[in-house]
Amino acid sequence: MEDLKYWYKNAQDIISLIDTCIIGGDSEFITLKHLANKLGYSEYYSSRKFSEISGMTFRKYLHYRKLSFALKELRDGDSKIIDIALKYGFSSPEAFTRAFKKAYGISPSVYRKNPIPVALQTIIKPFDCYLTEGKFSQEESKSDVKVYFVHIPAHKFLHIRNYTSIGYWDFWQKQSKIPGQDCETICGLLDSIKGKLDDTNGAENNSSSGQLMAWINTLEGRICSWGIPLAEAYGVRLPFNYKGPIPPNMQIMDVAEGEYIVFEHGPFDIALESQNVEKKIETAMKNFDYEKSGYTLDMAPERVFYFFHDPNRFWKYVRPVTKIKS
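Keep in mind it's a predicted model, so treat the numbers as computed, not measured. As a convention, each chain's residues are numbered from 1 in the sequence order in which they are written. This being a predicted model, a pLDDT of at least 70 is required before a residue's local features are given, and a value of 80 or more before pairs of side-chain atoms are given or counted; all residues contribute to the totals for chains, interfaces and linings. Note that the side-chain values use all heavy atoms of the structure and ignore hydrogens as well as water.

A run of H or I in DSSP becomes a helix once it reaches four residues, and a run of E becomes a strand once it reaches two; helices and strands are each numbered from the N terminus. When you go through the protein residue by residue, the secondary structure sums to 12 helices and nine strands. Buried means the residue's accessible area, taken with a 1.4 Å probe over protein chains only, is under 20% of the maximum for its type, while exposed means over 50%, and partly exposed covers the values in between. Taken across its 326 residues, the protein has 49% of its residues classed as buried.

As structure tokens, this is what we get:
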């Protein structure tokens, strides 16, 4: 158990360090030799453990993460292709073009003119709370749950949805059976979409930020615990006037402006506190006195419940509400 926990934690640290070094241009510090020395193990052993946890070799992961950063700079900036190629460790513009075209099926110059959605290599998260739950000890979380109301302007929600799944794990198990809707592909495509409302600044723009789970009130779908049909969804929120590309295996919907109640827990240690944080939020939602607040959950069709999970910032549910009629 301790060895497993140690390697999951170290893999997460290495993965975070890779992004930091790519951004900082510190190529010397993202060699397998350097990272193995940092952990105190041989290159072979460190490489094998990284592959076991991440599902790919260190070298392959590093290659595709560099391409992901390069693509976004190509999409959002005006640097010359040769400068981008050299910045991210490619020996020449030709080498960069070959790698880019092999990964995304389009050349850098053509992509810059027409930035179509492509599946990027998103940051691997060995400490995914849904995949590691129960493997590690749980400690009492230190932050309380905050409850507050917000007004959210009209926006769009680009997503995939499932009408029968129950929870995150089941959702992706079912989506993986649909061509082009597995977790890796969808997360990579969403990562390439520009203008996500929930993107954070800096390095987080290259780590699947802006992506979230949601539940959509529908006229069909699985009946939830409070008695209405819901569809589970995964996607990104976009500005209401978004006119950009929509991947063929996704759908986009208009979300009207409205009032929401937020149940939010602050930063937490994903390896130790996930279960306790989840229990605290669920208890807060279950015990909240809606009648006293003057609001009730809005069960109207097309209202969306959002779920944000970012251990470095928060874990929160954003639920649509409407004022209780007197």
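The structure having been displayed, the exposition proceeds.
To pair, rings of Phe, Tyr and Trp, with the six-membered ring standing in for Trp, must have centres within 6.5 Å; the planes then decide the type, stacked if under 30 degrees apart, edge-to-face if over 60, and tilted in the middle. Within this structure, the stated rule accounts for 19 aromatic pairs. On the basis of an interplanar angle of 65° and a centroid distance of 6.3 Å, the ring pair of phenylalanine 149 and phenylalanine 288 is categorised as edge-to-face. Here the residue phenylalanine 149 occupies a position in strand S1 (residues 145-152), and phenylalanine 288 occupies one in the loop between helix H11 (274-287) and helix H12 (290-293), the gap between them amounting to 139 residues. With a centroid separation of 5.6 Å and 45° between ring planes, the pair formed by phenylalanine 268 and tryptophan 315 is classed as tilted. Separated by 47 residues along the polypeptide, phenylalanine 268 in the loop between strand S6 (258-265) and H11 and tryptophan 315 in strand S9 (residues 314-323) bring together distant segments of the chain. Pair check on accessibility: phenylalanine 268 and tryptophan 315 agree, each one buried.

Axes here refer to lines fitted to C-alpha atoms; in helices the fit is confined to the stretch in contact. Angles between the N-to-C directions go from 0 to 180 degrees. Across the interface, helix H4 (residues 58-76) lies against helix H6 (residues 93-104) with an axial gap of 11 Å and an inter-helix angle of 100°. With respect to H6, the element H4 is oriented roughly perpendicular. For the pair H4 and H6, contact is made by His63, Tyr64, Leu67, Ser68, Ala70, Leu71 and Leu74 and by Phe96, Ala99, Phe100, Ala103 and Tyr104, respectively. Oblique is the label for any angle not under 35 degrees, not over 145, and not in the 65 to 115 range, which are roughly parallel, roughly antiparallel and roughly perpendicular in turn. In what follows, residue pairs with any heavy atoms lying within 4.5 Å of each other are defined as contacts.

What follows deals with helix H9 (residues 168-175). Among the residues making up H9, those that are buried are Tyr168, Phe171, Trp172 and Gln175. When H9 is viewed along its axis, its buried side chains cluster within an angular range of 90° and face the same direction. Working note: the arc is built from the helix axis to C-beta atom directions.

Any carboxyl oxygen of Asp or Glu within 4 Å of a side-chain nitrogen of Lys or Arg constitutes a salt bridge here. Evaluation of the coordinates by the stated rule reveals 12 salt bridges. With a shortest N-O distance of 3.7 Å, lysine 194 and aspartate 76 are connected by a salt bridge. With lysine 194 in the loop between helix H10 (183-191) and strand S3 (211-223) and aspartate 76 in helix H4, the pair connects residues that are 118 residues apart, well separated along the chain. A residue is classified by how much of its surface remains accessible, and lysine 194, at 47% relative accessible area, is partly exposed. Residue classification places aspartate 76 among the partly exposed positions, given a relative accessible area of 40%. The closest approach of N and O atoms between aspartate 310 and arginine 313, which form a salt bridge, is 2.8 Å. Taken together, the shared-partner salt bridges in this structure form one network comprising Arg75, Asp76 and Lys194.

A residue's pLDDT is simply how confident the predictor is in it, with values from 0 to 100. Averaged over every residue, the pLDDT of the protein is 83; residues scoring 70 or more account for 84%. Averaged pLDDT values for the elements of the protein fall to 45 in helix H8 (residues 129-132) and rise to 96 in strand S2 (residues 155-162). Within the model, the stretch residues 129-138 combines pLDDT values under 50 with 30 contacts to residues more than four positions away or in other chains. Confidence drops under a pLDDT of 50 for residues 202-206, and excluding neighbours within four residues, the segment shows 14 contacts in the predicted structure.

Attention now moves to the packing of helix H2 (residues 32-39) against helix H3 (residues 43-54). Running from N to C, H2 and H3 point in directions that differ by 95°, and their axes come no closer than 9 Å. Relative to H3, H2 is oriented roughly perpendicular. Residue-level inspection shows Leu32, Lys33, Ala36 and Leu39 of H2 in contact with H3, the latter providing Glu43, Ser46 and Ser47.

The next subject is the pairing of S2. For S2, the buried fraction is high: eight of the eight residues fall into the buried class. Burial along S2 is two-sided: His155, Phe157, His159 and Arg161 facing one way and Lys156, Leu158, Ile160 and Asn162 facing the other are all buried. One bridge is not enough; two strands pair if DSSP finds at least two bridges between them. Of the pairings in the sheet, the one linking S2 to strand S4 (residues 229-239) comprises eight bridges and is antiparallel in character. Each bridged residue has a counterpart across the sheet, and for arginine 161 the counterpart in S4 is alanine 233. The sheet contact formed by S2 and strand S5 (residues 251-255) spans five bridges and is antiparallel. In the sheet register, histidine 159 faces S5, and the bridge partner there is glutamine 251.

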